[in-house]
Amino acid sequence: MAQWFSWRKKELEPETPDPPVPPSQADAEFPSHAQEEGFAPSSSSLPNEPSVKQSVWRRGLSRLRHAFSTPLERLFRGRPLSEEVFSELEEALLGADVGGQTTAELIARLQERCRRERPTEASVLKTYLKEEMLAVLQKLPNPAVLQKLPNPELIGQAKPWVIMVVGVNGVGKTTTIAKLAARFCQEQKKVLLVAADTFRAAAIEQLEVWAARLGVDLLKHQSGASPAAVAFDGMKAAIARRVDVVIVDTAGRLHTKTPLMEELKKMHRVIARELPGAPHETLLVLDAATGQNALSQAQTFQRALPLTGVILAKMDGSAKGGVALSITDRLGVPIRCVGLGERAGDLQDFVAVDFVEALFAPGESADSTISLDREMPGQ
């Protein structure tokens with residue numbers, strides 16, 4: 001039987017204590033006070049100013065930048081252009097987990113451009129590489145033109161707008177859902193969370209804690225219930241309650257387990273049957289720290305579901321964020337957001353120019369203090 005929890009913002013008085021956290025490691029993942037940590041809807045606005053966004057990107061990519069740009073600076077500085085330079089550049093790209101095929105394509109494009117434009121110094125490769133990386137991320141026909149293309153809105157005109165969030169355990173899925181909900185609340189949207197991860201212990205309870213702290217509604221069943229049944233009731237509740245956005249959590253299933261992937265397909269069919277056109281977004285959350293394994297996961301999920309976008313979580317703690325290039329190049333699915341820290345405002349819309357510029361910008365070293373976007377073990 002479906003259980004409905006309506007956490008109204010007006011009921012969340014300052015004296016009201018937080019709802020009890022389930023006896024688990026939830027405290028390691030969830031901040032004790034959402035208001036203080038920037039998750040409460042009443043917190044200050046998300047960083048939208050260009051200077052603030054640039055700072056968030058530079059801080060969030062500091063580990064990747066240190067691992068990637070440091071060897072490149074040594075490579076490009078004061079050396080004549082040679083095959084040895086291209087060989088070392090290839091090693092640097094592979095070290096950042098750009099992937100073999102995408103790396104080979106980038107090197108080939110750089111070599112062709114050098115043959116055409118005939119530079120003599122290796123330093124010019126830095127400019128060429130930035131432009132070619134941007135061309136991969138944006139699929140631009142002319143890499144010499146830096147275009148700041150707008151990221152598609154996560155919420156469209158349909159109401160309710162249904163977002164189905166998928167991904168394996170441990171990638172940061174629940175934290176990402178909370179960040180999305182906080183963002184939509186700040187946009188004055190009425191949000192419903194649907195706890196359809198009925199398999200993992202404490203998954204429902206963790207989402208319930210977030211719903212209470214954010215002041216949003218939650219629909220849940222008992223642990224072990226059919227995920228498709230939860231999704232069915234979630235669509236009915238969303239229509240009845242006239243919500244703006246529905247975020248459907250799903251079990252963090254192993255992408256190699258066929259029966260579990262079939263359950264995801266069933267959920268998708270049920271949502272589409274009850275609400276034509278839904279789910280409007282099917283977002284895959286990937287852990288940037290897993291590198292090329294993330295690409296393997298994405299390819300398997302894409303065979304099962306019509307993915308509309310990817311969210312790269314935990315980018316701030318990874319030196320393997322080059323996988324963003326592989327995902328765009330090989331998968332053909334856009335990266336919608338990246339997790340650059342643990343605060344709600346650190347879930348940033350992915351903009352290729354911001355990513356590339358922050359990657360090559362001087363800034364914090366790898367020793368800088370970075371808040372990691374962690375999930376509980378097993379999530």
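Up top is the structure these notes are about.
Please read these numbers as outputs of a predicted model, since none were measured by experiment.

J.: Describe empty space enclosed by the protein, and please don't skip the residues or the numbers.
T.: In total, this model carries one cavity of 30 Å³ or more according to the counting rule given. A volume near 40 Å³ is recorded for the largest cavity. Along the walls of the largest cavity sit Leu64, Phe68, Ala96, Val98, Met133, Gly321, Gly322, Leu325, Phe355 and Leu359, which together make up its complete lining. Contributing elements (two or more residues each) for the lining of the largest cavity: α3 (62-76) and α13 (352-360). Class assignment for the residues of the lining of the largest cavity results in eight nonpolar, two polar and no charged.

J.: Please provide a residue-by-residue account of the nonpolar core, values included.
T.: It is characteristic of soluble globular proteins that their nonpolar side chains tend to be buried jointly. By size, the foremost hydrophobic cluster in this structure holds 113 residues, and its most contacted members are Phe68, Leu193, Ile247, Leu312 and Phe355. When near neighbours in sequence (up to four residues on either side) are disregarded, Phe68 contacts Ala92, Leu93, Ala96, Leu129, Met133, Leu359 and Phe360.

J.: Now, about the packing of α3 against α13: what can you tell me, with residues and values included?
T.: Contact geometry for α3 and α13: axes closest at 8 Å, N-to-C directions at 60 degrees. Comparing the axis directions of α3 and α13 gives the class oblique. Judged by residue contacts, Leu64, Arg65, Phe68, Ser69 and Leu72 of α3 engage Phe355, Ala358, Leu359 and Phe360 from α13. Within the contact of α3 with α13, the residues separate by chemical class into seven nonpolar, one polar and one charged.

J.: Residue-level account of the packing of helix α11 (residues 292-304) against helix α12 (residues 323-331), with values.
T.: Axis separation between α11 and α12 bottoms out at 9 Å; the angle between their running directions is 30 degrees. Between α11 and α12, the angle falls in the class roughly parallel. Between α11 and α12 lies a crossing of right-handed hand. For the pair α11 and α12, contact is made by Gln292, Leu295, Ala298, Gln299 and Gln302 and by Val323, Ser326, Ile327, Arg330 and Leu331, respectively. Of the residues belonging to the contact of α11 with α12, the class tally is five nonpolar, four polar and one charged.

J.: Let's hear about the environment of Ala304: which residues, and what values?
T.: Turning to its location among the elements, Ala304 is positioned in helix α11. Put simply, Ala304 and Met261 are 43 residues apart on the chain and 6.8 Å apart in space, counted from C-alpha to C-alpha. Once you skip the residues sitting within four places of it in the chain, Ala304 turns out to touch Met261 and Lys265.

J.: Tell me about the packing of aromatic side chains, and please be specific about residues and values.
T.: Across all of its chains, the model carries four aromatic pairs by this definition. When the ring of Trp57 is compared with that of Phe355, the centres are 6.5 Å apart and the planes differ by 80 degrees; the resulting orientation is edge-to-face. You can see Trp57 sitting in helix α2 (residues 50-60) and its partner Phe355 sitting in helix α13, a full 298 residues away along the chain. Here Trp57 and Phe355 have matching classes, each one buried. Through pairs of rings, three or more aromatic residues link up here, namely Trp57, Phe350 and Phe355.

J.: Go over the pairing of strand β3 (residues 191-196), please, and point to the residues and values.
T.: Where burial is concerned, most of β3 is hidden: six out of the six residues are buried. Every second residue of β3 is oriented toward a common face, with Val191, Leu193 and Ala195 on one face and Leu192, Val194 and Ala196 on the other, all of them buried. Sheet topology places β3 next to strand β5 (residues 245-250); six bridges connect them, and they run parallel. Across the sheet, the residue bridging to Ala195 is Asp249, located in β5.

J.: I'd like a description of helix α7 (residues 173-186), backed by residues and values.
T.: When the terminal C-alpha atoms of α7 are compared, their 20 Å separation across 14 residues agrees well with the 20 Å that a helix rising 1.5 Å per residue should span. Across the 14 residues that make up α7, a large majority, 13, are buried. Within two residues after α7, Gln188 carries a phi angle of roughly 65 degrees, on the positive side.

J.: Break down the pairing of strand β6 (residues 281-287) for me, citing the residues and quoting the values.
T.: Burial runs high along β6: seven of the seven residues are buried. Here β6 shows two buried faces, one formed by Glu281, Leu283, Val285 and Asp287 and the other by Thr282, Leu284 and Leu286. By the bridge criterion, four bridges tie strand β2 (residues 161-166) to β6 in an arrangement that is parallel. Directly across from Ile163, in β6, lies its bridge partner Glu281. In this sheet, strand β7 (residues 309-313) lies alongside β6 in parallel orientation, the contact comprising five bridges. What sits directly across from Leu286, in β7, is Leu312. Chirality of the crossover, the property in question, places the unit of β6, α11 and β7 among those that are right-handed.

What counts as what
Residues numbered from 1 in each chain as written. Predicted model: local features only at pLDDT ≥ 70, side-chain atom pairs only at ≥ 80, totals over all residues. Heavy atoms only, no water. 1 Å grid on protein atoms, 1.4 Å probe; cavity = no way out; pocket = protein on both sides within 12 Å on 5 of 7 lines; lining within 4 Å. Points joined across faces, edges and corners; volume = space filled by probe spheres on them. Helix = DSSP H or I, 4+ residues; strand = E, 2+ residues; numbered from the N terminus. Nonpolar A, V, L, I, M, F, W, Y, C, P; charged D, E, K, R; others polar. Core = buried A, V, L, I, M, F, W, Y, C linked by side-chain atoms within 4.5 Å. Buried < 20%, exposed > 50% of the residue type's maximum accessible area, 1.4 Å probe, protein only. Contact = heavy atoms within 4.5 Å. Axes fitted to C-alpha atoms, helices over the stretch in contact; angles between N-to-C directions. Parallel < 35°, antiparallel > 145°, perpendicular 65-115°, else oblique. Left-handed = near helix turned anticlockwise from the far one by under 90°. Phe/Tyr/Trp six-rings, centres within 6.5 Å; stacked < 30°, edge-to-face > 60°. Pairing = 2+ DSSP bridges. Expected span 1.5 Å × (residues − 1). Right-handed = clockwise from strand over helix to strand, strands pointing away.

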